[in-house]
Amino acid sequence: MPDPSAVAVFADLHAEGGELDALVGELPKDVWARPTPAAGWTIAHQIAHLHWTDRASLLALTDAEGFAVMAEEATKSPDTFVDEGADEGALLDPAELLARWREGRAALDEALAAADPGARFPWYGPPMKAASMASARLMETWAHGQDVADALGVRRTPTARLRHVARIGVRARDYAYAVRGLPVPGEPFRVELLAPDGAGTWLFGPEDAGQRITGPALDFCLLVTRRAHRADLALTATGPDADRWLDIAQAFAGPPGADRAPSAADAEGSR
């Protein structure tokens, strides 16, 4: 019998991809070249990156040897292989890129549903179960979709699917310290996030933790995907370790990349 929680995240990943597809599906060809907040990346780069990573995920699920070859290629240029994959895909005609991304998403949906729920599949970091891989793909789809939405001047309505993003952000706390060579706090944090619909709070960590984060779930997800500057978000830290975490939190593997600049209003206020 399928794991209901896994089925739910598979459905959420499908829905997240569909929402982004609705943003880009009818864009004029020239708009695909519009810059996004990610330095050097256009809308085409964002979709090309998602397609590249979907393809890697599909290989991991269906062809371990093929994935090993792909991963070995990445080790030859560890600091640039992500950008190289996005650059290559962005050169495609937008209609071709869109078609390939759609085909890849559909194939990944099928592979995730067919995967052994207890098996762990290879990845660039630790091996992952299919449900965890779907959560990671949803996080990336949402984050890169935010870059596309920002480039288009579109305000998206946050959904309960953000719980997957928030959970990854919380679970990746120690990694955020380690990737920067910083000591990891010895005690767990409490994270309390107001759900996007305002009905309820998402709770992570022990209730009696001395270090805690509170605020809107959307703001936390923007922070851990590094899509907004902390100064622009309504997040509150209690305790010095929690306060430090808000400066470095990230929900994805690899180097953190450049910080997003604060809004003009915050920049003016800091002078």
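Everything below is about the structure shown above.
Quick caveat, the model's predicted, so the values are computed rather than measured.

### Some thoughts on the packing of helix 2 (residues 43–62) against helix 6 (residues 130–152)
Phase 1 of the analysis: For the pair helix 2 and helix 6, the least separation of the axes is 9 Å and the interaxial angle reads 175°. In this view, helix 2 runs roughly antiparallel relative to helix 6, as classed from their interaxial angle. Contacts from Ile43, Gln46, His49, Leu50, Thr53, Asp54, Ser57, Ala60 and Leu61 of helix 2 reach helix 6 at Ala130, Met133, Arg137, Glu140, Thr141, His144, Asp147, Val148, Ala151 and Leu152.
Phase 2 of the analysis: When grouped by side-chain class, the residues that make up the contact of helix 2 with helix 6 number nine nonpolar, six polar and four charged.

### Some remarks on the sheet that holds strand 3 (residues 212–216)
Phase 1 of the analysis: Across the sheet, which stays open at both edges, the four strands sit in the order 2-1-3-4 with mixed pairing between neighbours. Looking at strand neighbours, the two that pair on one side only are strand 2 (201–204) and strand 4 (236–238), the edges of this open sheet. Strand-to-strand twist across the sheet, computed as the mean angle between neighbouring axes with direction ignored, equals 10°.
Phase 2 of the analysis: Alignment of strand 1 (residues 190–194) against strand 2, held across four bridges, turns out to be antiparallel. Bridge pairing links Leu194 to Thr201 in strand 2.
Phase 3 of the analysis: Contacting strand 1 and strand 2, helix 7 (residues 162–171) crosses the sheet at an angle of about 25° to strand 2.

### Describing the pattern of salt bridges
Phase 1 of the analysis: Under the definition given, this model contains 18 salt bridges.
Phase 2 of the analysis: Lys29 serves as the salt-bridge partner of Asp93, at 3.1 Å between the closest nitrogen and oxygen. Residue Asp93 is located in the loop between helix 4 (81–90) and helix 5 (94–114), and its partner Lys29 is located in the loop between helix 1 (4–24) and helix 2; the two are separated by 64 residues in the primary sequence.
Phase 3 of the analysis: With a relative accessible area of 35%, Asp93 lands in the partly exposed category.
Phase 4 of the analysis: For Arg137, the salt bridge goes to Asp54, with nearest N and O atoms at 2.9 Å. Of the two residues, Arg137 sits in helix 6 while Asp54 sits in helix 2, which places them 83 residues apart along the sequence. Each member of the pair, Arg137 together with Asp54, is buried.
Phase 5 of the analysis: Overlapping salt bridges, with partners in common, bring together Glu16, Glu19, Arg156 and Arg161 in one network.

### A few points about the packing of helix 7 against helix 9 (residues 217–224)
Phase 1 of the analysis: Direction vectors running N to C along helix 7 and helix 9 enclose 55°, while the axes themselves pass 9 Å from each other. Judged on the interaxial angle alone, helix 9 and helix 7 are oblique. In this structure, helix 7 crosses over helix 9, and the sense of that crossing is left-handed. Where helix 7 abuts helix 9, its residues Leu162, Val165, Ala166, Gly169 and Val170 lie against Leu218, Phe220, Cys221 and Val224.
Phase 2 of the analysis: A per-class count over the contact of helix 7 with helix 9 returns eight nonpolar, one polar and no charged.

### Examining the packing of aromatic side chains
Phase 1 of the analysis: Inspection of the entire model under this criterion finds eight aromatic pairs.
Phase 2 of the analysis: On the basis of an interplanar angle of 35° and a centroid distance of 5.8 Å, the ring pair of Phe81 and Tyr124 is categorised as tilted. Taken together, the positions of Phe81 in helix 4 and Tyr124 in the loop between helix 5 and helix 6 put the pair 43 residues apart, joining distant regions of the chain.
Phase 3 of the analysis: A relative accessible area of 19% means that Phe81 is categorised as buried.
Phase 4 of the analysis: Taking relative accessible area as the criterion, Tyr124 reaches 32% and is therefore assigned partly exposed.
Phase 5 of the analysis: Sitting over the ring of Trp101, Arg105 keeps its end group 4.2 Å from the ring centre.
Phase 6 of the analysis: Sitting above the plane of the Phe189 ring, Arg173 keeps its charged end 4.3 Å from the centroid.

What counts, and where the lines are drawn
Residues numbered from 1 in each chain as written. Predicted model: local features only at pLDDT ≥ 70, side-chain atom pairs only at ≥ 80, totals over all residues. Heavy atoms only, no water. Axes fitted to C-alpha atoms, helices over the stretch in contact; angles between N-to-C directions. Helix = DSSP H or I, 4+ residues; strand = E, 2+ residues; numbered from the N terminus. Parallel < 35°, antiparallel > 145°, perpendicular 65-115°, else oblique. Contact = heavy atoms within 4.5 Å. Nonpolar A, V, L, I, M, F, W, Y, C, P; charged D, E, K, R; others polar. Pairing = 2+ DSSP bridges. Salt bridge = Lys/Arg side-chain N within 4 Å of Asp/Glu carboxyl O. Buried < 20%, exposed > 50% of the residue type's maximum accessible area, 1.4 Å probe, protein only. Left-handed = near helix turned anticlockwise from the far one by under 90°. Phe/Tyr/Trp six-rings, centres within 6.5 Å; stacked < 30°, edge-to-face > 60°. Lys NZ or Arg CZ within 6 Å of the ring centre and 35° of its normal.

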